[in-house]
Amino acid sequence: MIDDVALVDFIERRARDTAIVNVHTMAALTKGLHGDQMTEIGLLRDAGAVGFTDGVKAVANAQLMRRVLSYAAHVGALVVQHAEEPALATGVMNESELAGRLGLAGTPAISETILIERDLRLPELTGGRYHVSQIACEASVDIIRRAKTRGQLGGGRAHGDGHRCSGAGRDHVRRRRAGRQSAQRSHPRRGQKDRAKL
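Quantities reported herein were computed from a predicted structural model and do not represent experimental measurements.

Parameters at a glance
- Residues numbered from 1 in each chain as written.
- Predicted model: local features only at pLDDT ≥ 70, side-chain atom pairs only at ≥ 80, totals over all residues.
- Heavy atoms only, no water.
- Helix = DSSP H or I, 4+ residues; strand = E, 2+ residues; numbered from the N terminus.
- Areas by Shrake-Rupley, 256 points an atom, 1.4 Å probe, with all protein chains shown as cover.
- Salt bridge = Lys/Arg side-chain N within 4 Å of Asp/Glu carboxyl O.
- Buried < 20%, exposed > 50% of the residue type's maximum accessible area, 1.4 Å probe, protein only.
- Patch = residues over 30% accessible without salt bridge, like charges linked within 9 Å, V, L, I, M, F, W, Y side chains within 5 Å.
- Core = buried A, V, L, I, M, F, W, Y, C linked by side-chain atoms within 4.5 Å.
- Contact = heavy atoms within 4.5 Å.

This part takes up the overall build of the protein. Helix and strand counts for the protein come out as nine helices and seven strands. Of the roughly 10,600 Å² that the protein leaves accessible, carbon and sulfur atoms contribute 50%.

Here the structure, examined in full by the defined rule, presents three salt bridges. Glu97 serves as the salt-bridge partner of Arg101, at 3.9 Å between the closest nitrogen and oxygen. Pair noted here: Arg101 and Glu97 are both in helix α4 (residues 97-102), with a separation of four residues, about one helical turn. Taking the relative accessible area as the measure of exposure, Arg101 reaches 60% and is therefore exposed.

One non-glycine residue, Leu33, lies in positive phi territory at about 60°. As for its position among the elements, Leu33 is in the loop between β1 (26-28) and α2 (41-47). Although it is not a glycine, Gln134 sits at a positive phi angle of roughly 60°. Within the secondary structure, Gln134 sits in the loop between β6 (129-133) and α6 (138-150).

Taken together, the side chains of Val92, Leu98, Leu102 and Leu104 define a hydrophobic patch exposed on the protein surface, amounting to about 370 Å² of accessible area. One can find Leu104 in the loop between α4 and β5 (106-107). Judged by relative accessible area, Leu104 falls into the partly exposed class, the value being 39%.

What follows is about the nonpolar core. Phe52 and Ile116 are the most contacted members of the largest nonpolar core, which totals 27 residues. Put simply, the parts of the chain that give this core at least two residues each are α2, α3 (62-75), α5 (110-126), β6 and α6. The greatest single-element share of this core, amounting to five residues, is contributed by α3. With residues up to four places along the chain from it excluded, the contact list for Phe52 reads Met26, Ala27, Ala28, Leu29, Thr39, Ile41, Leu44, Arg45, Ala77, Leu78, Val79 and Val80.

Purely geometric numbers; function is a separate question.
Okay, structure coming up:
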């Protein structure tokens, strides 16, 4: 967890002195990744952080996410959100008939889509740059596409990251720089339609 200016500075110096690849630091969105208090985004940005994320934890508090996006917009930083509503994402596998037969708690696809729909309205309000990370269902791709088509994002920007799904390599970098939509996943895709869409 990188939520301290000294850590960003250390990583930047270490990378500059020893790395054979370009290293760009992503700092924590919230202190301790707890999702209740935002980090010092301006100071972390000044130290070299290019974006802010709580990794595989989603920021559930809409007011906090609004403040983060607003502040990040002022310092030109990217905000990356893991697309899973924590209150709904409590299962050990995708919600399905199989999960029910096995007696295992399933996580519904709506846990992803609810958070994305909420968050895609915030860049319109704040002008912030927003990145949806690790989407896994067809509906999420449709939500992002519709928001972009309608111009719902206003002055803000939102996108997903797609090199894992498409295997596009260098093409992924061009699409991302151009601000085009794509999709990334780390958790299992939900079904055949989802695999086809992603």
